[in-house]
Amino acid sequence: MALGTLALSVMAQENREADSLRHHFGRQQVAPVSRQPGTQYADTLDTGNPGVKVVLYNNGTYRYVKDPSVVAADSVFTECWDTSNVNPYREAPDAIPDRFSLWVVDTLDSYVCPNQTRPRSLFGYRHGRRHQGIDLPYPTGTPVPAAFDGKVRISDYIGGYGNLVVIRHANGLETFYAHLSRRDVNSGDWVSAGDIIGLGGSTGRSTGPHLHFETRYKGAAFDPSWLIDFETGTLRHRLFKIRGWYFNPNQRYVQNVDDEDEIFRTDEEDRLLAEEQAKKEAAARAAAEAAAMKYHKVRSGDTLSGLARKYHTSVREICRLNGIKETSILRIGQRLRVR
Ligand SMILES: [Zn+2]
């Protein structure tokens, strides 16, 4: 009875360990995820990328998680960080390169469409006034999801925007959600794609309920339609190739500019593609390692040397795999990795 309770508390502790790594970044669509009832956290593996870990479960399934401490320390979340200034970047608009590329979603990041709909008002000048985003029909009170994983920079009532939430993403992009009737996040919160950040509304300079959605890079707005096809709700690119002229305040999205991509693929794009490939290979290696792993639940009478014989390994290897000493006392119910 007491031993059963002990084993349960050990498992609870181990699950907390896995959960602390997952933070708010657990959502992902690419890697296999399995968390069936009874699945227990087994181990955490490095992938070669310090920001990415693999969490293994004792039924051989695994998932990728971002290490929140590494993500949070990234300079993208500390430099030009201002919780009230809509554009804290002091960058001249022409400092943005003519061509560059960003991962919008990679193996670990996900995307949720803010609203699959025909946009009501487009990017560009409108009645002589600059319109830096796109307006999506949005009945008051409709939950608004974050489009990508990131950290909330602004959650405030700001002039014509009304209730505004600005989220900064790891690739440096920011997304703006304006005219909200309610804000459900605070500056500094970490959100995953799909997390509800507030409710649609008509606050600020607005003639009726809608979501004003902006996408910006270093403070410069570009038509969100370059990134998202709102009518189908799909993301147009995983690797987003950006041209400097997208930031022209009157430049709306146009189709078919991607045709020249293969010819003009830059060194940077090659590097990014190679990085993504390396990440996938690390994932495959981790999966192979996960499949080869074996665990033993300590029973009364078990000893390290006995387990080494039983699993055709050595005491030293079991100690290495579990980070314990050869003199460590085994607890009944303790799970030891033996391979
Ligand atoms: Zn608008």
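Residues numbered from 1 in each chain as written. Predicted model: local features only at pLDDT ≥ 70, side-chain atom pairs only at ≥ 80, totals over all residues.

### A closer look at the overall build of the chain
Next, step 1: For the chain, the count of helices and strands is 5 helices and 21 strands.
Next, step 2: In the chain, which comprises 339 residues, the proportion classed as buried is 29%.
Next, step 3: In the chain, the proportion of contacts linking residues at least 24 apart, taken out of those at least 6 apart, comes to 65%. (Helix = DSSP H or I, 4+ residues; strand = E, 2+ residues; numbered from the N terminus. Buried ≥ 20, exposed ≤ 12 C-beta atoms within 10 Å, placed from the backbone. Contact = placed C-beta atoms within 7 Å.)

### Considering the sheet that holds strand 14 (residues 196-199)
Next, step 1: Taken together, 3 strands build an open sheet; the order of strands is 8-14-12 and the sheet is antiparallel. Of all strands in the sheet, those with a lone pairing partner are strand 8 (143-145) and strand 12 (182-183), marking the two edges.
Next, step 2: Where strand 8 lies against strand 14, 3 bridges are found, and the strand directions are antiparallel. From the neighbouring strand, Pro143 faces strand 14, where its bridge partner is Leu199. (Pairing = 2+ DSSP bridges.)

### So, the pairing of strand 11 (residues 173-180)
Next, step 1: Of all the 8 residues making up strand 11, 8 are buried; the element is thus mostly covered by neighbouring parts of the structure.
Next, step 2: Across 5 bridges, the pairing between strand 10 (residues 162-168) and strand 11 is antiparallel. The residue bridging Val165 from the neighbouring strand is Tyr177, located in strand 11.
Next, step 3: Turn length for the strand 10-strand 11 hairpin, with the two strands adjacent in sequence and antiparallel, is 4 residues, and the turn residue Gly172 shows positive phi of about 95 degrees.
Next, step 4: Two strands pair when backbone bridges link them, and strand 11 and strand 15 (residues 210-217) are joined in this way by 6 bridges, in the antiparallel orientation. Residue Ala178 lies in a different strand from strand 15, and its bridge partner there is His212.

### Some details on the sheet that holds strand 3 (residues 62-66)
Next, step 1: Ordered in space as 1-2-3, the 3 strands form an open sheet in which the pairing is antiparallel. Only two strands of the sheet have a single neighbouring strand rather than two, namely strand 1 (41-46) and strand 3. Within the sheet, the average angular offset between the axes of one strand and its neighbour, ignoring direction, is 30 degrees.
Next, step 2: Strand direction decides the pairing type here: strand 1 and strand 2 (residues 52-57), joined by 5 bridges, are antiparallel. The residue of strand 2 that forms the bridge with Thr44 is Val55. (Axes fitted to C-alpha atoms, helices over the stretch in contact; angles between N-to-C directions.)

### Notes on the nonpolar core
Next, step 1: In this structure, Ala146, Leu164, Val165, Tyr177 and Ile197 are the most contacted members of the largest nonpolar core, which totals 25 residues.
Next, step 2: Those residues in contact with Leu164, other than ones at most four positions away along the chain, are Ile154, Asp156, Ile158, Phe176 and Ala178. (Core = buried A, V, L, I, M, F, W, Y, C linked by C-beta atoms within 7 Å.)

### Remarks on the environment of Arg183
Next, step 1: If you trace the backbone, Arg183 turns up in strand 12.
Next, step 2: The residues contacting Arg183, other than those within four sequence positions of it, are Ser155, Asn163, Val165 and Gly198.

### Section: the environment of Tyr161
Next, step 1: Among the secondary structure elements, Tyr161 is positioned in the loop between strand 9 (150-158) and strand 10.
Next, step 2: As a C-alpha pair, Tyr161 and Thr203 span 42 residues in sequence and 7.2 Å in three-dimensional space.
Next, step 3: With near-sequence residues (within four places) excluded, Tyr161 lies in contact with Ala178 and Gly204.

### Looking at unusual backbone geometry
Next, step 1: Positive phi is not limited to glycine here, since His179 has a value of about 70 degrees.
Next, step 2: Mapped onto the elements, His179 comes out in strand 11.

### Brief notes about the confidence of the model for the chain
Next, step 1: For the chain, the mean per-residue pLDDT works out to 81, and 82% of the residues sit at or above 70.
Next, step 2: Here residues 1-11 is modelled with pLDDT under 50, and outside its nearest four sequence neighbours on either side it reaches 7 contacts, counting other chains as well.
Next, step 3: Throughout residues 17-35 the model reports pLDDT below 50, and contacts reaching past four residues in sequence, or to other chains, amount to 40 contacts. (pLDDT = per-residue confidence, 0-100.)

### Quick look at the environment of Asn49
Next, step 1: With respect to the element layout, Asn49 can be found in the loop between strand 1 and strand 2.
Next, step 2: With 18 residues separating them in the primary sequence, Asn49 and Asp67 have C-alpha atoms 10.0 Å apart.
Next, step 3: Residues in contact with Asn49, not counting those within four places in the same chain, are Lys279 and Ala282.

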